[in-house]
Amino acid sequence: MRNKILLIGAIAFVAYILGSRSATVQVNKGESVRHQLVRMWNDPKAKKERQKKAEKAAKAAKKALDKVRG
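What you see is a predicted model; the values in this text were computed from it and never measured.

Draft legend 1. Region of interest: the overall build of the chain. Along the chain, the regular secondary structure elements total three helices and zero strands. For the chain, the succession of helices and strands along the chain, N to C, is α-α-α. The buried share of the chain, reckoned over its 70 residues, is 3%. Of the roughly 7,100 Å² that the chain leaves accessible, carbon and sulfur atoms contribute 64%.

Draft legend 2. Molecular detail of the packing of aromatic side chains. Counting across every chain of the model gives zero aromatic pairs. The lysine or arginine in question, Arg 50, covers the ring of Trp 41, its NZ or CZ lying 3.6 Å from the ring centre.

Draft legend 3. Here's a closer look at a positive patch on the surface. On the surface, a cluster of positive charge is contributed by Lys 48, Lys 52, Lys 53 and Lys 56. By secondary structure assignment, the location of Lys 56 is in helix α3 (residues 44-69). Overall, the relative accessible area of 61% leaves Lys 56 in the exposed class.

Draft legend 4. Looking closely at the confidence of the model for the chain. Per-residue confidence for the chain gives a mean pLDDT of 85, with 89% of residues at or over 70. Within the chain, no element has a lower average pLDDT than helix α1 (residues 2-22), which sits at 84, and none a higher one than α3, at 93.

Draft legend 5. Expanded view of a nonpolar patch on the surface. Taken together, the side chains of Phe 13, Val 14 and Leu 18 make up a nonpolar region of the molecular surface, amounting to roughly 320 Å² of accessible area. Tracing the backbone through its elements, the reader meets Val 14 in helix α1. Classification of Val 14 as partly exposed rests on a relative accessible area of 46%.

Calculation criteria
Residues numbered from 1 in each chain as written. Predicted model: local features only at pLDDT ≥ 70, side-chain atom pairs only at ≥ 80, totals over all residues. Heavy atoms only, no water. Helix = DSSP H or I, 4+ residues; strand = E, 2+ residues; numbered from the N terminus. Buried < 20%, exposed > 50% of the residue type's maximum accessible area, 1.4 Å probe, protein only. Areas by Shrake-Rupley, 256 points an atom, 1.4 Å probe, with all protein chains shown as cover. Phe/Tyr/Trp six-rings, centres within 6.5 Å; stacked < 30°, edge-to-face > 60°. Lys NZ or Arg CZ within 6 Å of the ring centre and 35° of its normal. Patch = residues over 30% accessible without salt bridge, like charges linked within 9 Å, V, L, I, M, F, W, Y side chains within 5 Å. Salt bridge = Lys/Arg side-chain N within 4 Å of Asp/Glu carboxyl O. Lys, Arg positive; Asp, Glu negative; His and termini not counted. Charge placed at Lys NZ, Arg CZ, Asp CG, Glu CD. pLDDT = per-residue confidence, 0-100.

Have a look at this one:
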């Protein structure tokens, strides 16, 4: 029983370490936070996602407005 608890604890610890490392942001040395934000903002994938979200929000707002107007 004790060995099972130690094994489960070890697996949980390794999973925590691997999970916390995968969530870290890769930063180039000497790159400022402002430069990172600009680079992320200008990323083509991010632009496409922002456009999709904006269209979805506009559609939802129009639908809600039509529902309120009756």
